[in-house]
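Chain residues, written in single-letter form:
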Amino acid sequence: MTILVIAEHDNVTLKAVTLNTLSAAQKLDGEIHVLVAGYNARSVADTAANVAGIAKVLLADAPQLGKGLAENVEATVLLVAKKYTHIMLPATAYGRNIAPRIAAKLDVAQLSEIIAVVSIDTFDRLIYGGHVIATVQSADLIKVITVRAAAFDPVAADGGNAPVQTINAAPALSSVSFIKRELTKLERPELTSAKIIVSGGRGLGSREHYEKILGPLADKLGAALGASRAAVDAGYVSNDYQVGQTGKIVAPQLYIAIGISGAIQHLAGIKDSKIIVAINHDPEAPIYNIADYSLVGDLFILIPELINAL
Ligand SMILES: Cc1cc2nc3c(=O)[nH]c(=O)nc-3n(C[C@H](O)[C@H](O)[C@H](O)COP(=O)(O)OP(=O)(O)OC[C@H]3O[C@@H](n4cnc5c(N)ncnc54)[C@H](O)[C@@H]3O)c2cc1C
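Residues numbered from 1 in each chain as written. Predicted model: local features only at pLDDT ≥ 70, side-chain atom pairs only at ≥ 80, totals over all residues. Heavy atoms only, no water.

### Observations regarding the overall build of the chain
Applicable threshold: Only runs of H or I of at least four residues qualify as helices and only runs of E of at least two qualify as strands under DSSP, and these elements are numbered from the N terminus. Put simply, the radius of gyration uses C-alpha atoms, and a globule should come to 2.2 Å times the residue count raised to 0.38. Partly exposed residues are those whose accessible area sits between 20% and 50% of the maximum for their type, while under 20% is buried and over 50% is exposed, using a 1.4 Å probe and protein chains only. Whether two residues are in contact is decided by their heavy atoms: any pair within 4.5 Å suffices. Residue exposure ignores everything except the shown protein chains as possible cover, and the areas themselves are Shrake-Rupley values with a 1.4 Å probe. Charge counting treats Lys and Arg as positive and Asp and Glu as negative, with His and both chain ends excluded. We put the charge of a Lys on NZ, of an Arg on CZ, of an Asp on CG and of a Glu on CD.
Broken down by element type, the chain carries 8 helices and 14 strands. For 310 residues, the compact-globule formula gives about 19 Å, and the C-alpha radius of gyration of the chain, at 21 Å, lands near that figure. Its C-alpha atoms give the chain principal-axis dimensions of about 60 × 40 × 40 Å. The burial tally for the chain puts 50% of its 310 residues in the buried class. Contacts in the chain between residues far apart in sequence, at least 24 positions, make up 65% of those at least 6 positions apart. Here the chain displays about 14,700 Å² of accessible surface, and carbon together with sulfur accounts for 51% of that area. Across the chain, the 26 positively charged side chains and the 29 negatively charged ones have centroids separated by 5 Å.

As structure tokens, then:
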């Protein structure tokens, strides 16, 4: 049994979610290879080679792989795919973009966003917004799997010494070209890897309040900022901040939900948080059903008091 993990990276650094994906791969108890598909990405391959428990790193280095275009990465993966029993990617925008293309071309069913490895062909995944765990078994010869990072502790980033083997990249596809990328510049930690998240909902009332009330608290705690979909839809912040079923799935040490009611779609994104603190003036708010600490009151009074007390 040989498993291929597709590394997520920016040609310079290996993204932390790759370590969570490797953790899921290690549960399969097979030989693990990592594919780094990029351009001038040798440093990423070297970083991956240092990760404990990896047998080999494959490096496909070519200009057409530099921007992470799913079509070109998929074509390169397909050159080696048949050698593997499992192909695993993180269930991020990157992995979700590439995995279905690989699965379709291999004519297999994709196993999406697994949260546990039961056996070599059986996996758990959440359905109905995280309320039901489905245990799914695949009879496909090659299993294409995306992994929910929050469900697997990352493997150690060092302790390994795998060889790096250069492989050919598939030729650039003429049907796709890179035009531009707009990146949000973050002054605070990134949401999916943050240890503390301060998240705001519709209760904040406006974009100005969101930044004025939550910004100082996040800075005091060294936290990332997040938001409910209602806050995003109301224009308080852009949708990169959205936490939940159709936003980002997070698993910080501490999640502080402020002016968020606790709709199931929001809870689906935060349920793996170690400690949840809820601040809401409605004592009946559903968020209190899963909160470890509940503070009932007006956020416009409580948050400044909290900041002063910290
Ligand atoms: C298919 C689908 C997917 C969805 N995906 C997501 C998703 O990924 N993420 C997500 O978040 N939602 C998602 N939603 C939307 C979700 O159902 C809720 O509508 C949304 O989460 C509500 O956001 P909210 O809690 O900020 O707003 P509300 O439900 O309006 O809650 C606001 C809360 O603020 C409190 N409040 C108001 N003023 C104050 C004050 N001064 N002090 C203290 N508390 C105050 C209120 O008591 C209330 O509990 C999805 C919905 C659908 C149908």
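### A few points about the site of the ligand
Threshold: By convention in this text, a residue qualifies as near a molecule or strand provided that one of its non-hydrogen atoms is within 4 Å of it. Think of a polar contact as two N or O atoms within 3.5 Å of one another; within protein, one of them needs to be a possible hydrogen donor and the other a possible acceptor, and neighboring residues in sequence only count if both atoms come from side chains.
Neighbouring the ligand are 25 residues, the closest being Ser228, Thr246, Ser261, Gln265 and Asn280. Contact distances for the ligand include 2.7 Å between an oxygen atom and a side-chain N or O atom of asparagine 280. Residue leucine 299 places a main-chain N or O atom 2.9 Å away from a nitrogen atom belonging to the ligand. Here the ligand loses 75% of its free accessible area of 990 Å² to cover by the protein chains.

### A short note on the side chain of threonine 21
Tracing the backbone shows threonine 21 in helix α1 (residues 17-26). Look at threonine 21 and you get buried, because its relative accessible area is 0%. A polar side-chain atom of threonine 21 sits 2.8 Å from the main-chain carbonyl oxygen of valine 17.

### Details of the domain arrangement of the chain
Short version of the rule: Each domain's extent is set by a domain assignment, obtained either automatically or from a database. Computed with a 1.4 Å rolling probe, the buried area is the accessible surface lost when two parts are put together, summed over both parts.
As assigned here, the chain comprises domain 1 (2-166) and domain 2 (191-309). Taking the mean C-alpha position of each, domain 1 and domain 2 sit 31 Å from one another. Contacts between domain 1 and domain 2 engage 7 residues on the former and 8 residues on the latter. Of the roughly 640 Å² buried at the junction of domain 1 and domain 2 (both faces included), carbon and sulfur atoms supply 60%.

### Notes on the environment of glycine 201
Tracing the chain through its elements places glycine 201 in the loop between β10 (196-200) and α5 (207-221). C-alpha separation for the pair glycine 201 and alanine 162, spaced 39 residues apart in sequence, amounts to 46 Å.

### Here we look at the sheet that holds strand β2 (residues 31-38)
In a beta sheet, neighbouring strands are held together by backbone hydrogen bonds and run either parallel or antiparallel to one another. Rule in force here: Between any two strands, at least two bridges found by DSSP are needed for them to pair. The axes are straight lines fitted to the C-alpha atoms, using for helices just the contacting stretch, and the angles between their N-to-C directions are given from 0 to 180°.
As summarised here, the arrangement of the 9 strands in space is β7-β6-β5-β8-β4-β1-β2-β3-β9, forming an open sheet in which the pairing is mixed. If you trace the sheet from one side to the other, it starts and ends with β7 (132-137) and β9 (164-167), each paired once. Ignoring which end each strand starts from, the neighbouring axes of this sheet average 40° apart. Relative to strand β8 (residues 143-147), strand β4 (residues 86-90) runs parallel, the two sharing 5 bridges. Opposite isoleucine 87, over in β8, you have valine 144 as the bridge partner.

### A closer look at the packing of aromatic side chains
In plain terms, the rule: Note on ring pairs: Phe, Tyr and Trp rings are taken, using the six-membered ring of Trp, and paired if centres are within 6.5 Å. Classes follow the plane angle, with under 30 degrees stacked, over 60 edge-to-face and the rest tilted. Remark: a charge is flagged as sitting over a ring if the NZ atom of Lys or the CZ atom of Arg is within 6 Å of the ring centre and within 35 degrees of the ring normal.
Tallied over the entire structure, the rule returns 0 aromatic pairs. Across from the ring centre of phenylalanine 178, 4.9 Å away, lies the NZ or CZ of lysine 67, which sits over that ring.

### A word on the nonpolar core
The cut-off we apply is this: We call a set of buried residues a nonpolar core when its members are Ala, Val, Leu, Ile, Met, Phe, Trp, Tyr or Cys and they connect through side-chain atoms within 4.5 Å of each other.
Judged by nonpolar contacts, the single largest core of 31 residues is most densely connected at Leu22, Val36, Val57, Met88 and Ile114. Every element with two or more residues in this core is listed here: β1 (2-6), α1, β2, α2 (42-49), β3 (56-61), β5 (110-119) and β8. Residues within four places of methionine 88 in sequence aside, it is in contact with Ile3, Leu4, Val5, Ile6, Thr21, Ala24, Ala25, Leu28, Ile114, Ile145 and Val147. The next biggest cluster of nonpolar side chains, apart from the first, holds 25 residues, and it includes Leu4, Ala37, Val73 and Tyr94.

### Overview of the sheet that holds strand β14 (residues 293-296)
The parallel open sheet is built from 5 strands, whose spatial order is β11-β10-β12-β13-β14. Pairing within the sheet leaves two strands with one partner each, and these edge strands are β11 (224-227) and β14. Adjacent strand axes in the sheet meet at a mean angle of 20°, parallel and antiparallel pairs treated alike. Across 4 bridges, strand β13 (residues 275-280) lies against β14 in parallel orientation. Bridging across to β14, valine 277 finds its partner in tyrosine 293. Relative to the sheet, α5 contacts β10, β11 and β12 (254-258), its axis offset from that of β10 by approximately 170°. Against the sheet, helix α8 (residues 299-309) touches β12, β13 and β14, its axis set at about 130° to β13.

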